[in-house]
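# Residue-level structure breakdown
One-letter residues, chain by chain:
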There are 2 protein chains.
Amino acid sequence: GPGEVVIVGAGPGDPELLTLKAMRELQAADVIVYDRLVTPAILELARREARRVHVGKEGHGASCRQDDINALIVDLALAGERVVRLKGGDPAIFGRTGEEVAACREAGVPVRVVPGITTASAAAASLNASLTHRDHAQRVQFITAHDRHGDLPESLNLAALADPLATTVVYMGRRTASKLATRMVESGLPSDTPVVAISNVSRDDQDSVHSTIGNVARGIDLPEDG
Amino acid sequence: GPGEVVIVGAGPGDPELLTLKAMRELQAADVIVYDRLVTPAILELARREARRVHVGKEGHGASCRQDDINALIVDLALAGERVVRLKGGDPAIFGRTGEEVAACREAGVPVRVVPGITTASAAAASLNASLTHRDHAQRVQFITAHDRHGDLPESLNLAALADPLATTVVYMGRRTASKLATRMVESGLPSDTPVVAISNVSRDDQDSVHSTIGNVARGIDLPEDG
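It is possible for side chains bearing opposite charge to pair when their charged atoms get close. Residues and elements named next belong to chain B. By the definition in use, this model includes 28 salt bridges over all chains. For Asp30, the salt bridge goes to Arg47, with nearest N and O atoms at 3.2 Å. Pair noted here: Asp30 is in the loop between helix 1 (20–28) and strand 2 (31–34) and Arg47 is in the loop between helix 2 (40–43) and strand 3 (51–54), with a separation of 17 residues, a long-range link. Assessed through its relative accessible area of 26%, Asp30 is described here as partly exposed. We note a salt bridge from Glu81 to Arg51, for which the minimum N-O separation is 2.7 Å.

Written as structure tokens, this is what we have:
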């Protein structure tokens, strides 16, 4: 009979941020198909006999071969394997899960999704901070600052992003940070709005820089390349 | 010496959605101070000897006694207890974590935060769905539809909420769903925009209704009270 595909969120990197359910799926897998963003310490938690297949996908970066990944997980499941498709963070947030689910359904392969800790939650926790506050930030929004070419997306809703009553979390924001900050300030966000730039969230080498949107727009206070 | 406060996200209800880190904190706690939204199955995972204190807080509802909760966790920690402050979902998202962290800091009590699976992630996973899609939803935003009196907040950014290129997740949305949907349609969101209303996410009694924003505005297709 056919196997199945379980799309599992690995969280941001610290193995302790896996869910109990994700852990169980890793220990029941025949094959684990994982991204660049999944850490070695997480892969070590999987069943020893499970094959590990690195697909080297970089989120919304230019190197995506999403069609190849879709075909790989479908073919493995059709061959009877229990496939864990392991993604950094939460599969529902900038993870291209919809495309992988659609590919499985078209091929008649059973598919399930196990949520993960999204990087925004782990980043806030590491700062002892909230993303919302009933008096100051009644809305929180997540965007990615990469389109399929690695550039700042054209279709940003700048009115939504310039709202001083919202917290904005930018995923994969390093390369276009200064350009995005400039647009946000031009759209009315006060230039003294606080910014925290965090890299390698939840990992031993997590680093953060506290700044303002005005300074980021001027190209200062950015984290170094990790 | 003083104890400490660890603010821990319990996720949406299924104990399997706890993180390994949250589990460890539960098993090391002297006292667990928990909300209405935390399920009995999760409390069972705590150390047998730990005292359980139910503070009955209902998110942003009218029954909040946030000052009392702040004083309770601070006093317990000052008495030397290892306190786990257990919250439904993720502490950073509509959890009033900022106020509890501030109270601990003012009292000189060590405080840490452990992230949890937010309900939006678990809801999307249960539907095998993404909250983002590179072609259709480049922004995802979370709001709560309750102000401190249980009414729809006055200061909603309706332009941001009516954006057809965003996914909007409404926490605690049942009571004001029709009113909010009406405002979103009046602000330009197409009335055939799909809506899924989900209650008791990740629990055995999870229920969902698939509808459109137009129908919700007309007061039909709402989930029943759970």
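Next up on the list: the domain arrangement of chain A. Residue and element names in this part refer to chain A. Domain annotation of chain A identifies domain 1 (4–114) and domain 2 (119–217). Domain 1 and domain 2 are separated by 27 Å when their C-alpha centres are compared. Taken together, the contacts link twelve residues of domain 1 with 13 residues of domain 2. Taken together, the connections running from domain 1 to domain 2 amount to zero salt bridges. On inspection of domain 1 and its partner domain 2, the count reaches three residue pairs in polar contact (both at pLDDT 80 or more).

Before going further, it helps to spend a moment on the pairing of strand 6 (residues 139–144) of chain A. All names here are of chain A. The buried fraction of strand 6 is high, at six of six residues. Burial along strand 6 is two-sided: Arg139, Gln141 and Ile143 and Val140, Phe142 and Thr144, pointing in opposite directions, are all buried. With six bridges joining them, strand 6 and strand 7 (residues 166–171) adopt parallel strand pairing. Bridge assignment links Val140 to a residue of strand 7, and that residue is Thr167.

All right, on to the packing of aromatic side chains then. Summed over the entire model, instances satisfying the criterion amount to five aromatic pairs over all chains. On the numbers, 5.2 Å between centres and 65° between planes, the contact of A:Phe142 with B:Phe142 is edge-to-face. Of the two residues, A:Phe142 sits in strand 6 while B:Phe142 sits in strand 6 (residues 139–144), which places them in two different chains. Residue A:Phe142 shares its accessibility class with B:Phe142, and that shared class is buried. Three or more aromatic residues joined by ring pairs make a cluster, and in this case those are A:Phe94, A:Phe142, A:Tyr171, B:Phe94, B:Phe142 and B:Tyr171.

Here we come to the relation of the copies chain B and chain A. Rotating chain B by 180° and moving it 0.0 Å along the rotation axis overlays it on chain A with an RMSD of 0.0 Å. The superposition operator between the copies reduces to a two-fold rotation axis.

All names here are of chain A. If you trace the five strands from one edge of the open sheet to the other, you get 3-2-4-1-5, paired in parallel fashion. Of all the strands in the sheet, the pair left with one neighbour each is strand 3 (51–54) and strand 5 (111–114). Between one strand and the next, the sheet's axes are offset by a mean angle of 20°, whatever the strand orientation. Across four bridges, strand 2 (residues 31–34) lies against strand 4 (residues 82–87) in parallel orientation. Opposite Val33, over in strand 4, you have Arg85 as the bridge partner. Along the sheet, helix 1 (residues 20–28) contacts strand 1 (4–9), strand 2, strand 4 and strand 5; its crossing angle with strand 4, the most-contacted strand, is approximately 135°.

The rules behind the values
Residues numbered from 1 in each chain as written. Chains lettered and ligands numbered in written order. Predicted model: local features only at pLDDT ≥ 70, side-chain atom pairs only at ≥ 80, totals over all residues. Heavy atoms only, no water. Salt bridge = Lys/Arg side-chain N within 4 Å of Asp/Glu carboxyl O. Helix = DSSP H or I, 4+ residues; strand = E, 2+ residues; numbered from the N terminus. Buried < 20%, exposed > 50% of the residue type's maximum accessible area, 1.4 Å probe, protein only. Domains from an automatic or database assignment. Contact = heavy atoms within 4.5 Å. Polar contact = N/O pair within 3.5 Å; in protein donor to acceptor, adjacent residues only side chain to side chain. Pairing = 2+ DSSP bridges. Phe/Tyr/Trp six-rings, centres within 6.5 Å; stacked < 30°, edge-to-face > 60°. Least-squares fit on C-alpha atoms with pLDDT ≥ 70 in both. Axes fitted to C-alpha atoms, helices over the stretch in contact; angles between N-to-C directions.

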